[in-house]
Amino acid sequence: MSSNPLRDRAIVVLAFIAVLGLIAKPVWEGRHQWLFGQEYDDGIYMATAKSLAMGEGYRQAYLPWHPIATKYPPLYPLYLALAWRLEPHFPLTLEPASILQDALLPIYLAVLLVVLRQLQLSWRRTFFVAAMTFVSITFVFLTIRLFSELLFGCFLLAAIGAIETAVERNSRWWATFGGLLTDRKSVVSGKSVDLGGR
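The present account deals with the structure reproduced in this document. Since this is a predicted model, take the numbers as computed values, not measurements. (Residues numbered from 1 in each chain as written. Predicted model: local features only at pLDDT ≥ 70, side-chain atom pairs only at ≥ 80, totals over all residues. Heavy atoms only, no water.)

## Here we look at the packing of aromatic side chains
Link 1 in the chain: Tallying each qualifying case throughout the model produces 11 aromatic pairs.
Link 2 in the chain: Ring centres of Phe-134 and Phe-139 lie 4.7 Å apart, and the angle between their planes is 35°; this geometry places the pair in the tilted category.
Link 3 in the chain: The structure contains a cluster of three or more aromatic residues connected by ring pairs, namely Tyr-45, Tyr-76 and Tyr-79. (Phe/Tyr/Trp six-rings, centres within 6.5 Å; stacked < 30°, edge-to-face > 60°.)

Okay, here's the thing in C-alpha cells:
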C-alpha cells in the first residue's frame with residue numbers, strides 16, 4: 001500500500017486540530033476566572049493593571065501610600081490594563097482580561113510551530129510536540145489563569161527563534177533582535193532563562 005503525502009499531512013493536521021479542541025472547553029470556561037484570587041500573583045497583576053489603566057502609574061494602589069510596584073515586571077500588567085479600559089467595573093473586568101489571555105494562544109502556537117520547524121523537526125513531530133504542549137495540564141492551567149507565563153513564553157520562543165536564525169544566517173541583526181527579545185521577556189516575568197549555554 002503506497003503512502004499518499006497529501007493525505008498523510010491532512011490526517012496529521014486534522015489530528016492536531018482535534019487535540020487542540022481538547023483545550024477549548026477549559027479555555028471557554030476559564031473566561032469566568034473561577035480560580036481568580038486563589039493565587040497571589042493574579043490579584044497583583046490585576047491591581048497594578050488597574051493603576052496603569054487609571055493613569056496612576058505602576059503602583060500598588062491596594063497598599064497604604066500606594067508605593068511603586070517593584071516585585072513584578074510591568075509588561076503583563078500593562079497588557080492587562082487594556083481589560084480595565086474595556087470594562088472598569090470589577091469583577092466584570094475579568095472576562096476581557098481572560099479574552100486578552102486567550103488572545104496570546106494563537107501567538108504562542110504560531111511562534112512554537114516556527115521554532116520547532118527551525119529546529120528541523122518534521123511537520124508530524126512539530127504538530128505532535130505542539131499538541132502535547134497545548135494539552136498538558138500545566139499549560140492549560142497557565143492559560144486559563146491570569147499569569148504572565150503565556151506572554152513570557154511568547155517572548156522566550158521568539159527569542160529562541162531569532163537566535164536560531166542568527167546562527168543559521170550568521171547575522172548580527174538577528175542576534176541583536178534575539179537579545180532584545182530576551183531582555184523583553186524579563187520585563188514580562190521575573191523569571192530568567194539562560195540562553196547562552198556554553
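So, next bit.
## Points about the side chain of Thr-93
Link 1 in the chain: With respect to the helices and strands, Thr-93 occurs in the loop between helix 3 (75-86) and helix 4 (94-118).
Link 2 in the chain: Since its relative accessible area comes to 0%, Thr-93 is described here as buried.
Link 3 in the chain: Beyond its immediate stretch of four places on either side in the chain, Thr-93 contacts Met-46, Ala-83, Trp-84, Glu-87 and Pro-88. (Helix = DSSP H or I, 4+ residues; strand = E, 2+ residues; numbered from the N terminus. Buried < 20%, exposed > 50% of the residue type's maximum accessible area, 1.4 Å probe, protein only. Contact = heavy atoms within 4.5 Å.)

## Thoughts on the pattern of salt bridges
Link 1 in the chain: Taken as a whole, this structure holds one salt bridge when the rule is applied.
Link 2 in the chain: Among the ionic pairs, Arg-145 bridges to Asp-42, the shortest N-O distance being 3.4 Å. Highlighted residues: Arg-145 in the loop between helix 6 (137-144) and helix 7 (149-169) and Asp-42 in helix 2 (residues 40-53), separated in sequence by 103 residues.
Link 3 in the chain: On the basis of relative accessible area, Asp-42 is assigned to the buried category, the value being 0%. (Salt bridge = Lys/Arg side-chain N within 4 Å of Asp/Glu carboxyl O.)

## A short note on the nonpolar core
Link 1 in the chain: In terms of nonpolar packing, the biggest core is built from 47 residues, with Leu-80, Tyr-108 and Phe-134 touching the most fellow members.
Link 2 in the chain: Those elements giving two or more residues to this core turn out to be helix 1 (5-30), helix 2, helix 3, helix 4, helix 5 (123-135), helix 6 and helix 7.
Link 3 in the chain: The element that contributes the greatest number of residues to this core is helix 4, accounting for 12 residues.
Link 4 in the chain: In this view, Leu-80 contacts Tyr-45, Met-46, Ala-49, Ala-97, Leu-100 and Leu-146; residues no more than four positions away in its chain are not counted. (Core = buried A, V, L, I, M, F, W, Y, C linked by side-chain atoms within 4.5 Å.)

## A short note on the side chain of Ser-148
Link 1 in the chain: Topologically, Ser-148 is positioned in the loop between helix 6 and helix 7.
Link 2 in the chain: Within the structure, Ser-148 has its side chain in polar contact with the side chain of Tyr-45 (distance 3.0 Å). (Polar contact = N/O pair within 3.5 Å; in protein donor to acceptor, adjacent residues only side chain to side chain.)

## A look at helix 2
Link 1 in the chain: Look at helix 2: 20 Å from first C-alpha to last across 14 residues, which is about the 20 Å you get at 1.5 Å a residue.
Link 2 in the chain: Listing the buried residues of helix 2 in full gives Asp-42, Ile-44, Tyr-45, Met-46, Thr-48, Ala-49, Ser-51 and Ala-53.
Link 3 in the chain: Of the residues flanking the end of helix 2, it is Gly-55, one or two places downstream, whose phi is positive at about 80°. (Expected span 1.5 Å × (residues − 1).)

## Some details on unusual backbone geometry
Link 1 in the chain: Omega for the bond connecting Phe-90 with Pro-91 falls within 30 degrees of zero, at 10°, which places this linkage in the cis form.
Link 2 in the chain: Mapping Pro-91 onto the fold places it in the loop between helix 3 and helix 4.
Link 3 in the chain: Its identity as a non-glycine residue notwithstanding, Asn-170 has a phi of 50°, on the positive side.
Link 4 in the chain: Residue position: Asn-170 is located in the loop between helix 7 and helix 8 (172-188).

## Quick word on a nonpolar patch on the surface
Link 1 in the chain: A cluster of nonpolar side chains, contributed by Val-13, Leu-14 and Ile-17, occupies part of the molecular surface with about 270 Å² of accessible area.
Link 2 in the chain: For Val-13, the position within the fold is in helix 1.
Link 3 in the chain: On the basis of relative accessible area, Val-13 is assigned to the partly exposed category, the value being 33%. (Patch = residues over 30% accessible without salt bridge, like charges linked within 9 Å, V, L, I, M, F, W, Y side chains within 5 Å. Areas by Shrake-Rupley, 256 points an atom, 1.4 Å probe, with all protein chains shown as cover.)

## Concerning helix 6
Link 1 in the chain: Within helix 6, the full set of buried residues consists of Phe-139, Val-140, Thr-143 and Ile-144. Buried residues of helix 6, seen end-on, are gathered within an arc of 120° and therefore sit on one face of the element. Away from the buried face of helix 6 by more than 90 degrees, exposed residues Ile-137 and Thr-138 are located. (Arc of directions from axis to C-beta.)

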